[in-house]
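# Coordinates in review
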Amino acid sequence: MNIIEIKYLTKYYGKSRGIIDVSFNVEEGEIFGFIGPNGAGKSTTIRALLSLIYPTSGSAAIFGKDCIKYGPEIKKEIGYLPSEVFYYDRMKVIDLLNYSASFYKKDCSKRIRELAEIMDLDVKKRIDDLSFGNKKKVGIVQGLLHEPKLIILDEPTSGLDPLMQQKFFDLLLEENKKGATILLSSHILSEVQRLCSRVAIIKEGRIIKLEKISTLKEDNYKKFKLEMKAPLDNDFFNIKGVVEFKSEGDFASFLYKGNINAVLKRITELEIANIWIEELDLEEIFLHYYEKEG
Amino acid sequence: MNLFLREMKSNRKSLILWCIGILFMVAAGMGKYAGFSGSGQSVNEIISTIPGSLKAVLSFGSFDLTTAVGFYGMLFSYLAIMTAIHATIIGATIISKEERDKTSEFLMAKPVSRYSVVSAKLSAAFLNVLTVNLVTFAVSYLMVGYYSKNEAFAGDILNLMLVMMAVQLIFMLAGSTAAAAGKRPRIAASVASGIMLAAYVLDKVIDLNKDLDFLKYLTPFKYFNAAKLLGDTGFEPVFVILSVIIVLILLYITFVSYRKRDLSI
């Protein structure tokens, strides 16, 4: 069963582009990634799903019901964490959480305590005294306290330290095991890779790829940067899978896709001073890979 | 209900301050009357020598300033603008603040409809406006009663408060309309206050220039003339009907535009 069904969703803000013909489905029990650079239309899509904004054309349904017509009803079972969290400044954390819970017709006090403990959140503090990361935690607890069937997260990890990120991901995986479907938007490929089974990649308002994460991982470029004791012959890395080779003095850099052992064998033939191997961030993938296809 | 209570709570402090402001305004204003009344009929004579234009600007109008309630009629013009400012601001901000403070993504992701949000917010705004009105009534009743010498005044003050309620309602909804229908909700309070001040100035301009009398339909401050109310004319049906129509139209625009538009996030 599809929890989210988006059909040809298009949104223009006046003349400027929001999203164009976005279509994808999210299945029940899935953790679905939604990735793209800033301004590609991730938040626009999510806001249209929540009927915060209305699409120019196309439609979206959640739990099989139209997003706009059945908005309030659908939202009973949705937990949403916006990309930027802003709350009523003069409230204490616990007041905000109780206020949030008061919109759902069930007792959430136990879950609030559990979540606050997991996320290490002091609920007695005033919200305006909190750091950005702690505000994000309030957002996380606020989004999960009513045990929603669908969790929508818009760039959830920004501002969280790595330890908290880990706790948060564990929490999401646990919710997922209990049956929650998750839509996670991000511009960081690695966090999407860690959690999601499928991803939609959006660029300049259009979906350019809908893929299983396992497939995406296989044909991904890695970024190599070497520092050597002596300058390098330009043809040294002329092997299959290497692109964008650059050499400058003792430094050399290139992108590689393929069997990692092949390139490592080549590198061991050199006397190197230092080496960096990095995943491409999403922007670079767009530049080097998707640009050709998209 | 939770949203309504939340709004009542967040406006509590400002409501108390406004009520204190009204209290001082009425008390200080009527305090001046003590000096006036001591000098007897001569005050009216002095006032009658003041040029009409200055009288209009100072809201002296044609009140009988020797009676407490007549003097209060003059003061009322200032109370009306004060309470209208309060109503405009609360009407505009109660709708626009979620977008201004960027909390609309929090609120509107909850299982609430736009319609129910506007209902709860307007109810809270109305209760605030009503409280200001009742406090004004209570303070005015006590102060005018204190200075009155056996003249009847309760009916007059009640009538003036009904007028004030109408003006408050119109401007509260002008504020909410600006916030709900305007392209930039963040500046709604300023826009609505501008409209309100323009209406007030127009009221004075019409007082100054009788040729412009036909413009009186444009400013709610002209719908109910305090001086006429204190005389025998009472409410003019055309303006009562006009007020009701304006209120209904503004209510409609507020609800419909807020439901149909994108939230500015």
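In this text, all values refer to a predicted model and were calculated from it rather than measured experimentally.

## Some thoughts on the nonpolar core
Across soluble globular proteins, nonpolar side chains have a tendency to be buried as a group. Residues L183 of chain A together with M30, Y72 and F221 of chain B are the most contacted members of the largest nonpolar core, which totals 155 residues. Residue contributions to this core peak at 17 residues, all from helix α5 (residues 68–100) of chain B. Residues in contact with F221 of chain B, not counting those within four places in the same chain, are A80, I81, A84, V167, F171, M196, A199, Y200 and D203 of chain B. One finds L226, F236, A252 and L270 of chain A within the second-largest nonpolar core, a separate group that totals 13 residues.

## Here's the deal with the interface of chain A and chain B
The interface is formed by 24 residues belonging to chain A together with 24 residues belonging to chain B. Looking only at chain A, the three residues that lose the most surface to chain B are L52, Y88 and F103 of chain A, adding up to 30% of its buried area. Counting every contact that joins chain A to chain B gives 2 salt bridges. In this structure, K11 of chain A and D262 of chain B form a salt bridge, with 2.4 Å as the shortest nitrogen-oxygen distance. Counting the contacts that link chain A with chain B gives 14 residue pairs in polar contact (both at pLDDT 80 or more). Per element, the largest residue contribution to the side of chain A that touches chain B is 3 residues, and it comes from helix α3 (residues 93–101) of chain A. In terms of residue class, the side of chain A that touches chain B is made up of 15 nonpolar, 4 polar and 5 charged.

## Thoughts on helix α8 (residues 154–181) of chain B
Helix length check: α8 of chain B (28 residues) gives 40 Å between terminal C-alpha atoms against 40 Å at 1.5 Å per residue, within 8%. Taking burial as the measure, the 28 residues of α8 of chain B include 21 buried ones, the bulk of the element.

About the cut-offs
Residues numbered from 1 in each chain as written. Chains lettered and ligands numbered in written order. Predicted model: local features only at pLDDT ≥ 70, side-chain atom pairs only at ≥ 80, totals over all residues. Heavy atoms only, no water. Core = buried A, V, L, I, M, F, W, Y, C linked by side-chain atoms within 4.5 Å. Buried < 20%, exposed > 50% of the residue type's maximum accessible area, 1.4 Å probe, protein only. Helix = DSSP H or I, 4+ residues; strand = E, 2+ residues; numbered from the N terminus. Contact = heavy atoms within 4.5 Å. Buried area = accessible area lost by both parts, 1.4 Å probe. Salt bridge = Lys/Arg side-chain N within 4 Å of Asp/Glu carboxyl O. Polar contact = N/O pair within 3.5 Å; in protein donor to acceptor, adjacent residues only side chain to side chain. Nonpolar A, V, L, I, M, F, W, Y, C, P; charged D, E, K, R; others polar. Expected span 1.5 Å × (residues − 1).

That's the geometry; what it means functionally is another story.
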